[in-house]
Amino acid sequence: MKFLCVECDAQMESFDKGAPGDGTLALMFRCPECHRQIAMLTNPQETQMVSSLCVHIGGRTTAEQPFEAVRTQLETGGESALKDVAAKEGDPAWTEDAEERLQRTPGFVRGMVRRLYCDWARDRGIDEVTLEVMDSAKADLGLEGGGM
Amino acid sequence: MKKVRTYYDLPAGTRSDIAGQLAAQVERLRRRLESVRHTFAVLSGKGGVGKSLVTANLAAALADRGFAVGVVDADLNGPSMAKLLGAGREPLEVVEDAVRPALGAAGVKVMSMDLLLEGEEAPVNWTGPLQESFIWRGTLEANALREFLSDTEWGELDYLILDLPPGTDRVIPVHGLLADLGGVVLVTLPSELSRFIVSKSLTMSRELGIPVIGYVENMSGYVCPNCERVGPLFESDGSSFELEKGVPQLAEIPFDPIFGRETESGRPGVLACPESRSARALQALADRVLTHFEGKSP
């Protein structure tokens, strides 16, 4: 799905998104020429339909994680059903408060979320995950909502 | 109306490339299964015919003969493979690009939804409004099955067996994922009603071009736990798939309460009571399956 500014015949660019955690999604687009802005709002059913396809709208920015669909979509996943192995070489360190926030993520997805943050930070040459780094990664990766 | 550009007029780099993402999933699956020699599915179409018990014991029988065997529990909403194969509920390790399977009887590798749920009584609930989940549930389940196949660290396997849930349509998504599925084993009871339903699975498999290895007649009789004599459980009308549909019968497995109890306790009867009639029938089934895939009698 793409948006075209009919006046300018220019493809609109996304510049912000919001997933408040209630199943809805808001995507904001702007015309690069006349700067007109629009927002696309989806209801939980539409959001869920797209999620069930296990594809990333806008394209993937991270490598697919093992059991990604099951881990992100199974509501009754066991807190300790999965045990993620130790950090990869070159992984950034975590500050105490960043680690504390991560621990609030459900255990079923925690390891996967840690991996996403680590890979995001490492790709940008960041050697320590802080709360600020988490916020930036969260917005960039579209992890808003769901306590991630 | 003003003429506007279409989706395909836009630069490719700015698109979601959904087709590319799906192709990557297919490629991931293909790579994972490169080290698996044979895949086949056990199905019936009808519930309550003892299909999972047959799968668990067949897997254990093959593994006990030295073959490397994995089982995918494709019955996401009624998973039983981990329990029947005695796989522990230890946390599954997530490594670089895969999840390590649980180990069951005779070293059978198992992946089952049961191992991922928060407890024995937890159902499979997906995110999103439950009342409307019927709309996307099928898609999510197909993706979960894909991940069980592609994201499990199977390693080198001789046989990967899929235990399918009841439903004559359940072989369709499996065929979509595994176009080169090596075959299906049908499980039925010696009753007209069971054959009536299982015949639909047979038709579906044939229409999809999946080789039908044969059928198993489960609960072909009742083994008395005292004298071990076998008596009838169902009134036979003398008909069979072999006669009516040209499908080879692979085994007749009598119902043996001791054998069933052992298997339900996580000790597959083929290993726990190998001299029982049911175990001998299942070993005969393993012989036939090996003959089919290995091209010679074991």
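Treat the numbers as computed from the prediction; the structure is a model and nothing was measured.

Draft legend 1. Looking closely at the side chain of N218 of chain B. All names here are of chain B. Within the secondary structure, N218 is located in strand 8 (residues 212-223). A polar atom in the side chain of N218 sits 2.7 Å from the backbone oxygen of V49. N218 has contacts with V49, G50, V54, V187, T188, L189, P190 and I253, leaving out every residue within four places of it along the chain.

Draft legend 2. Seen up close, the interface of chain B and chain A. Contacts between the two partners involve 49 residues from chain B and, on the opposite side, 44 residues from chain A. With both chains or domains summed, chain B and chain A bury close to 4,000 Å², and 59% of this area falls on carbon and sulfur atoms. Together, V94, L116 and E147 of chain B form the three largest contributors to the area buried by chain B at its contact with chain A, with a combined 15%. Inspection of the region where chain B meets chain A yields 16 residue pairs in polar contact (both at pLDDT 80 or more). Examining the composition of the side of chain B that touches chain A, we find that seven residues originate from one element, helix 4 (residues 137-150) of chain B, more than from any other.

Draft legend 3. Region of interest: the sheet that holds strand 3 (residues 13-18) of chain A. Residue and element names in this part refer to chain A. Read across the open sheet, the three strands follow the order 3-4-5; overall the sheet is antiparallel. With partners counted over all chains shown, the strands left at the sheet margins are strand 3 and strand 5 (37-42), one partner each. On average, each strand axis in the sheet is inclined to that of its neighbour by 25 degrees, with strand direction left out of account. Where strand 4 (residues 25-30) meets strand 5, six bridges bridge the pair, whose relative direction is antiparallel. What sits directly across from M28, in strand 5, is A39.

Draft legend 4. Up close: the packing of aromatic side chains. For the coordinates displayed, the defined rule picks out nine aromatic pairs over all chains. With centroids separated by 4.8 Å and ring planes inclined at 55 degrees, the aromatic side chains of F3 of chain A and F29 of chain A adopt a geometry described as tilted. Placement of F3 of chain A in the segment before strand 1 (4-5) and of F29 of chain A in strand 4 is noted, with a sequence separation of 26 residues between them. We classify F3 of chain A as partly exposed; its relative accessible area is 21%. Judged by centre distance (6.1 Å) and plane angle (80 degrees), the rings of W94 of chain A and Y117 of chain A are edge-to-face. Residue W94 of chain A is located in strand 7 (residues 93-94), and its partner Y117 of chain A is located in helix 4 (residues 107-123); the two are separated by 23 residues in the primary sequence. For the pair shown, W94 of chain A and Y117 of chain A are each scored as buried. By way of ring pairs, the aromatic residues F40, F67, Y159 and F293 of chain B are connected into one cluster. The side chain of R114 of chain A reaches across the aromatic face of W94 of chain A, ending 5.3 Å from its centre. Positioned above the aromatic ring of F196 of chain B is the side chain of K200 of chain B, whose terminal nitrogen or guanidinium carbon lies 4.6 Å from the ring centre.

Draft legend 5. Summary view of the nonpolar core. Among the nonpolar cores identified, the biggest contains 93 residues, and F40, M113, L116, F148, L162 and L285 of chain B are the most heavily contacted of them. The greatest single-element share of this core, amounting to nine residues, is contributed by helix 2 (residues 51-64) of chain B. Among residues more than four places away in sequence, those in contact with F148 of chain B are F67 and V70 of chain A together with V72, D73, L76, M111, S112, M113, L116 and W154 of chain B. With 15 residues, the next largest nonpolar core counts A98, L102, V109 and V133 of chain A among its residues.

Quick notes on the rules
- Residues numbered from 1 in each chain as written.
- Chains lettered and ligands numbered in written order.
- Predicted model: local features only at pLDDT ≥ 70, side-chain atom pairs only at ≥ 80, totals over all residues.
- Heavy atoms only, no water.
- Helix = DSSP H or I, 4+ residues; strand = E, 2+ residues; numbered from the N terminus.
- Polar contact = N/O pair within 3.5 Å; in protein donor to acceptor, adjacent residues only side chain to side chain.
- Contact = heavy atoms within 4.5 Å.
- Buried area = accessible area lost by both parts, 1.4 Å probe.
- Pairing = 2+ DSSP bridges.
- Axes fitted to C-alpha atoms, helices over the stretch in contact; angles between N-to-C directions.
- Phe/Tyr/Trp six-rings, centres within 6.5 Å; stacked < 30°, edge-to-face > 60°.
- Buried < 20%, exposed > 50% of the residue type's maximum accessible area, 1.4 Å probe, protein only.
- Lys NZ or Arg CZ within 6 Å of the ring centre and 35° of its normal.
- Core = buried A, V, L, I, M, F, W, Y, C linked by side-chain atoms within 4.5 Å.

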